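Coordinate inspection notes
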Amino acid sequence: MPKMTLLTSQPFIKKFIISVSFGLIGLLFSGYAIRIPFGDFQLNFIWSIAFPLVITLAYGLRFGLLSITCGLTFLYPFILGYMNGYGSFVGMLVLYVWIVFHGLGKDWRDKRPTRWNHPMMIQLFYSVVRLLIYALLFQPLMTLNPPPWNLEAFPSIQSEIVWYFSVRGIFMEMMLLLIVDTVLLLPRIRQLFNLETDESMRYNGRVLTGFLGGGLLFISFILAVQYTLIDEVPLTDWLLPPNPKTSLTLFLSSFLFMIMAGVTMRYVEKTLTNERAFKTTYERYQAIFEQMQDIYLELMLDGTIVNASPSIYSTLDLTENQLIGTNFCQLFSEVKGKAWLQELEQQGGFIEKKMTVLAHSGKTLVWSIHLKKIQLKEGEPRLVAMIRDMTDIEEAMEEVTRLNSDLERRVNKRTKDLHASIETLERFNYVVSHDLKTPIRAIDAYTEMIEEDEHNLSGETKDALASIRHIVADMIRLIERLLHYSRVNQATIEKERVPLQPVITDVLDQLRLSHDFTVIFNKPLPTVLGEAVLIKQVFLNVLDNAVTYKRKDEPLLLMIDSVETEDTLSVLVTDNGCGIAPDDLPHVWDLFTTGHQTGTGIGLSTVKRIMEALGGSVQLESRLKKGTTVTLVFPKA
């Protein structure tokens, strides 16, 4: 079902009907004004225009204007001031100004009430504007008379009479505002207009009835004493019907008692609201107090317990009668308790203790106690103890300590076993390295023999034999260094400044003996901080992977570049080889894992381990059949 708009919604229709109805009432009953003789004048109290004001203070500016416009209340000046002719437009104008002022005030109060938008302050501003309108417009409009609807209208009115009308109107509207503002405090009236009501308003009707009824009875009694007993005037002369003096007295008294009732109703509302807020706050904190796990004790200065939170009774297995009135010191020992009270005075009114307590059931408890001296508002100093039961925590800490001891024992045993395993591995590494170096040294010896015995070797052969001996020497140094590296951590690596250009050139020369490729250096390579043999092994593994896994359909091209930051130097090695499949990329650093059909899966694992040992890092980006880029990040030398 589509959502109804504002103009067709039921709340708007109801407000519209009420607003128009009250406006019509204001018009129809405008002729029944209360007329009270006042010396040579007659005080006319046009009470019916209070109905549109009720709408304005209840619903705001929009419905107030609807009430006086659609309800035709704006015509009342033309009815009551028929002989004023065009001067009646002034009365109509001030009615609209009155409604606009209080309508805006209502809307502003709904957003944020302040003293400047209070109804009385709004009425004060309006009264000044009303005087100006009458002073500036009434007499000029009267000179335009007669109007078409009344050819006998007054051509002019004395300034004194205009002043009287203006002041009378201000007084009358002020009284109506106070009455309407008071009436809108009644719950039944607010329910009629669908306004928000509160429990604190429940006595407003009784207050208003009491003030009006009791006040008028009191005034009637005073008048009766005055006229009957003192002046000896018959009842029919002053009350049946009321003479002008009696009417004025009752009228002004009713107005006064209405104001007093409004003030009292607001005071009662505020008092009840504060009491309810206090009760709610009290109940909330009482619930917290009763359900709190920590223990609260209120003590006299001598340690006598006068108040306690319910949690202590279940903790100590005591009843309230057994605890209240006893001395706080008895929970521990007389000596300790009295010593605490003395220490409290010495420490400036606050101490913190940890103590074991024996419950009534015989269970030993561990308490953390905060004892503080406070000054109550009544002027009597008290001691407040906040106690937390640490028994479970202490038991848990003891269990943690026991587990830690057991864990430490197990760790020591595992560490001892690990050292034994490491020693076994070191012995194994030594044997393996010795067995590896033996054939390598044999190769070196045979190469040396060939060089010495064969004198007719070509220059190319001699260069090849020299290269073999150089490679053999590097292999022996590498085996010895890797064996040493397997026994020490990275802190024992002796770092030095290593120029990368000769290291990489040496590696490339070795690889050119068995591979064809092209190398492009984008810029001279920097000097890094590290260990020369390990760095050479890193580039040997990276470049060997590049030349080994090249594409068959395209010559291999290697591009070597470097990037410098504030703290690091990065070397980028890029090839146009086979690349690595996306599924294999996360596993390239795993030992014995390779992204190709051939290979041992040791090379990149070794690169990662050496770079981390040197305090650097390694990254790899690759696209299948496009190539690979390996980024080696070194600490700055």
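Every value quoted in this text rests on a predicted model; they were computed, and no experiment measured them.

Taken over all residues, the pLDDT of the protein has a mean of 82, while the share at 70 or more is 87%. In the predicted structure, residues 1-8 sits below a pLDDT of 50 and forms six contacts with residues beyond four places in sequence or in another chain.

Take the packing of helix 5 (residues 88-111) against helix 6 (residues 119-142) next. Axis separation between helix 5 and helix 6 bottoms out at 9 Å; the angle between their running directions is 160 degrees. What the angle tells us is that helix 5 and helix 6 run roughly antiparallel. The handedness of the crossing between helix 5 and helix 6 is right-handed. In this structure, helix 5 uses Phe-89, Val-90, Gly-91, Leu-93, Val-94, Val-97, Trp-98, Phe-101, His-102, Gly-105 and Arg-109 to contact helix 6, whose residues at the interface are Pro-119, Ile-122, Gln-123, Phe-125, Tyr-126, Val-129, Arg-130, Ile-133, Tyr-134, Leu-137, Phe-138 and Leu-141. Here the contact of helix 5 with helix 6 is composed, by residue class, of 17 nonpolar, four polar and two charged.

Attention now moves to the environment of Arg-190. Its place among the elements puts Arg-190 in helix 8 (residues 187-192). Put simply, Arg-190 and Ala-58 are 132 residues apart on the chain and 8.3 Å apart in space, counted from C-alpha to C-alpha. Leaving out residues up to four positions away in the same chain, Arg-190 has contacts with Leu-184, Leu-185, Leu-195, Glu-196, Thr-197 and Met-201.

This paragraph deals with unusual backbone geometry. In this structure, Pro-146 follows Asn-145 across a cis peptide bond, with omega equal to 5 degrees. Counting through the fold element by element, Pro-146 comes out in the loop between helix 6 and helix 7 (159-183). You will see that Asn-194, though not glycine, has its phi angle at about 60 degrees, which is positive. Note on placement: Asn-194 falls in the loop between helix 8 and helix 9 (204-230).

With that settled, consider helix 6. In an α-helix there are 3.6 residues to a turn, and that puts residues three or four apart on one side. Its 24 residues place the ends of helix 6 32 Å apart at the C-alpha level, agreeing with the 34 Å of an ideal helix rising 1.5 Å per residue. Tyr-134 marks the point of greatest bend in helix 6, at about 30 degrees. Taken as a whole, helix 6 has its buried residues at Pro-119, Ile-122, Gln-123, Tyr-126, Ser-127, Arg-130, Ile-133, Tyr-134, Phe-138 and Met-142. Buried residues along helix 6 sit in contact with helix 5 and helix 7.

How each quantity is defined
- Residues numbered from 1 in each chain as written.
- Predicted model: local features only at pLDDT ≥ 70, side-chain atom pairs only at ≥ 80, totals over all residues.
- Heavy atoms only, no water.
- pLDDT = per-residue confidence, 0-100.
- Contact = heavy atoms within 4.5 Å.
- Axes fitted to C-alpha atoms, helices over the stretch in contact; angles between N-to-C directions.
- Helix = DSSP H or I, 4+ residues; strand = E, 2+ residues; numbered from the N terminus.
- Parallel < 35°, antiparallel > 145°, perpendicular 65-115°, else oblique.
- Left-handed = near helix turned anticlockwise from the far one by under 90°.
- Nonpolar A, V, L, I, M, F, W, Y, C, P; charged D, E, K, R; others polar.
- Expected span 1.5 Å × (residues − 1).
- Bend = angle between axes of the 7 residues up to and from the residue.
- Buried < 20%, exposed > 50% of the residue type's maximum accessible area, 1.4 Å probe, protein only.

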